[in-house]
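# Structure at a glance
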Amino acid sequence: MSRVTRFAARDPGPAARVAGFIAHLRGNGLRLGVGETETALAALTHITACDADETRRALKSVCAGNAEESARFDDLFDSYWLNAGRVRERSAPDRHKNADHSRNTRAAIGESSSARGQIHAPDDGAGAANGDGTGQLIASRSTSLMQHDMRKLVSPQDIAQAESIARRLAQAIADRRSRRRRAARRGDRLHFRRLIRQSLSTGGEPLRLPRKRRPDRTARITALCDVSGSMTIYARIFLAFLAGLIRADDATEAWLFQTRLVHISDALRDPDPLRALNRLTLLAEGFGGGSKIGASLDRFVRGPARQSVNSRSVVLILSDGYDTDPPEILADALVRLHRRGCRIVWLNPLKGWKDYAPITAAMAAALPHLDLFAAATTLADLAALAPELEHL
Amino acid sequence: MQGWRDLQRGMAEHGYIAGDDLAMALHIALSLERPLLLEGAAGVGKTEVARVLAALKSARLIRLQCYEGLDAAQAIYEWNYPRQLLAIRAAAEGGETGPGVEARIFSDEYLLERPLLQAIRQTEPPVLLIDEIDRADEEFEAYLLEILSDFQISIPELGTITATTRPMVILTANGTRDLSDALRRRCIYAHVDYPERDAELAILHARAAQIETQLARQIIAFVQALRREDLEKTPGIAETLDFAAALAGLGINDLTDDPTALQAALATLLKTQTDRANITTEVAQRLAGRAA
């Protein structure tokens, strides 16, 4: 049996230690609040708190919230409470230390959200055109620092055209029937609650027959666009399409990714299309490099997807499927995404090619988890998708 | 304080072999009066926990089976509309009018209690089982949160009904979709896994005592080996019990004796066409041979 952690003598006591433990869990990515600390302390009063095994089980039932956390819990517990007799200086870690600790989980989420619509550098209007154009081959780093000027890629006319297509697509997706019923003038069933109420005013004679039916629920579209080097030639089409999609519906969200994940909905919603492109250019700094589809999707699923993806969502992934990550990461991320109840549509520009087969490891791994896998190279291709999306 | 050991023992007496984690989670949930969320694959005995708990506490079991489109009228309460209509007609014939009729038709007598309302109006604390919560849609989950946090329901015509006793709430989920963090936060959580060999043997012994020790051992080894195969639907404990019952029914005393009978009994374990095709007679015999 491993030895229990010794706490520093000036440590304030058991309650603070439990609070410190919760902070330790929080630092490791478990989402716990003050309420959990209270519950944990209350739970400890109902067991033999001196028994490490009992304490472990009790705290596990309070703190773990899903199967994955439940599996990780034992190690986290050991590292805090059974630290082989080492002295733990302060049970409640100070703020600075905590922030450092959580780099891989929370900070990463913060990183993508802090990028929201912020301008990092003034736009000199030159962008990629500053290159000398001698066509030298240089070793490519995973994150290219070259700056693409989105205005060269997308024109306001493109956006206008894409907007009408996107609107049509959004409409095709949006028509989902709910299983619940709402009052409606022409419905398939009687609305009894209302009928009784109204009949009271006519002396119990149900003169008017209010009805209810299943209302149409709008589906939310969430688009994820790959802007890695291999996708640059399609960026023009896809960015215009995204811009159109975003501007067609307020509930639509869009992200760009290659090695990072950047939220672009706010930038694209700018009422002036040109200024929207300017903002997008600034956000897309460093794009055009290698792609980490798996890692980006994984970050998306763990972070923003929690708020923006639910069972009424359709997630559009625009990517060619050339991933530098192991395919398992991608497959795993897609499984998690699917578990949120959404439908996943992958639009691959390469699929339009003759003899294309999804044989890249990433694409092959992703295929079983997709609801629709379609080609999309031009705006016309995208427009042709409407009927397929209707049957999704 | 050994409350959770007692609970574990009590459940064992009622034929449920609970793991330490599960027994502790249940103990904490009962002591803190919090709902318990059980997650795990289908057929590992999540629903059974509620049934055994009800038997153990001699409490009433109220079950709410969730499904997509489940709404307040199905889960909480509904007025008995046909009866109300009849009452209005009868009152009109009798010359009764106005507020009197209204007060009468919106009284308890005309209220149809659905599981949630039923649960909070019991005099003795019942066990409320909210089964497969992940099948219900998110609106319902939000509504449920409200009820689970303060155990009161407001009915516009009657006023707010506050719980006389706190029901013991057990929610089960098997991952049709992710549950909201808010719901998870409210609950004590336990993940129910496929049992270890010894635990499963104990379960089989508790549930089907007539099976001989030798055969029981074989059955468990066979099922455990089968779980390690690449299957679409891994058999749960419920399936193991069915399998044991089927073998007993076929009069088999040793798994390796009769390949055709074993293959027939596999119908209780393998529930998809692909799984049936994958576990051929040879594979089954190999697994059974190793188990023996």
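Here, the structure is the one placed above.
Everything quoted here is computed from the prediction, not taken from an experiment.

Rules used throughout
- Residues numbered from 1 in each chain as written.
- Chains lettered and ligands numbered in written order.
- Predicted model: local features only at pLDDT ≥ 70, side-chain atom pairs only at ≥ 80, totals over all residues.
- Heavy atoms only, no water.
- Buried < 20%, exposed > 50% of the residue type's maximum accessible area, 1.4 Å probe, protein only.
- Helix = DSSP H or I, 4+ residues; strand = E, 2+ residues; numbered from the N terminus.
- Pairing = 2+ DSSP bridges.
- Arc of directions from axis to C-beta.
- Contact = heavy atoms within 4.5 Å.
- Salt bridge = Lys/Arg side-chain N within 4 Å of Asp/Glu carboxyl O.
- Buried area = accessible area lost by both parts, 1.4 Å probe.
- Polar contact = N/O pair within 3.5 Å; in protein donor to acceptor, adjacent residues only side chain to side chain.
- Nonpolar A, V, L, I, M, F, W, Y, C, P; charged D, E, K, R; others polar.

Moving on, we get to the pairing of strand β8 (residues 168–173) of chain B. All names here are of chain B. Burial analysis of β8 places 6 of its 6 residues in the buried class, the great majority of the element. In terms of strand pairing, strand β1 (residues 36–39) meets β8 through 4 bridges, oriented parallel. If you follow Leu 38 over to β8, its bridge partner there is Thr 172. Bridging between strand β5 (residues 127–131) and β8 involves 4 bridges; their strand directions are parallel. Bridge pairing in β8 places Val 127 opposite Met 168.

Within an α-helix, residues lying three or four positions from one another point in the same direction, as the helix has 3.6 residues per turn. All buried positions along helix α1 (residues 3–13) of chain B are accounted for by Trp4(B), Leu7(B), Gln8(B), Gly10(B) and Met11(B). Within α1(B), the buried residues cover an arc of 165 degrees as seen down the axis, which keeps them to one side. Looking at the buried residues of α1(B), the elements they touch are α3 (52–63) of chain A together with α2 (20–32) and α3 (46–56) of chain B. Immediately beyond the C-terminal end of α1(B), within one or two residues, lies Gly15(B), with a positive phi of roughly 85 degrees.

A side chain with one charge can pair with a side chain of the opposite charge if their charged atoms come near. Summed over all chains, the structure comprises 29 salt bridges over all chains. A salt bridge links Glu109(B) to Arg83(B); its shortest N-O distance comes to 3.2 Å. Residue Glu109(B) is found in the loop between α6 (99–105) and β4 (111–113), and its partner Arg83(B) is found in helix α5 (residues 81–93); the two are separated by 26 residues along the sequence. Salt bridges here are not isolated pairs; linked through shared partners, they connect Asp53(A), Arg56(A), Arg57(A), Lys60(A), Asp74(A), Asp78(A), Arg5(B), Asp20(B) and Asp21(B).

Quick look at the interface of chain A and chain B now. Counting from both sides, the interface comprises 41 residues of chain A and, opposite them, 43 residues of chain B. Interface of chain A and chain B: buried area, both sides summed, is about 3700 Å²; carbon and sulfur atoms make up 52% of it. Considering only the side of chain A, the residues that lose the most area to chain B are Arg57(A), Arg180(A) and Arg193(A), jointly responsible for 18% of the buried surface there. Summed over the shared surface of chain A and chain B, the number is 8 salt bridges. Residue Lys60(A) is joined to Asp21(B) by a salt bridge in which the shortest nitrogen-to-oxygen separation is 3.0 Å. Between chain A and chain B we count 12 residue pairs in polar contact (both at pLDDT 80 or more) in total. Looking at the side of chain A that touches chain B, the elements with two or more residues in it are α2 (34–44), α3, α4 (67–81) and α9 (192–200) of chain A. Of all the elements, α9(A) adds the most residues to the side of chain A that touches chain B, at 7 residues. Of the residues assigned to the side of chain A that touches chain B, the class counts are 12 nonpolar, 14 polar and 15 charged.

Shape descriptors only; they carry no functional weight alone.
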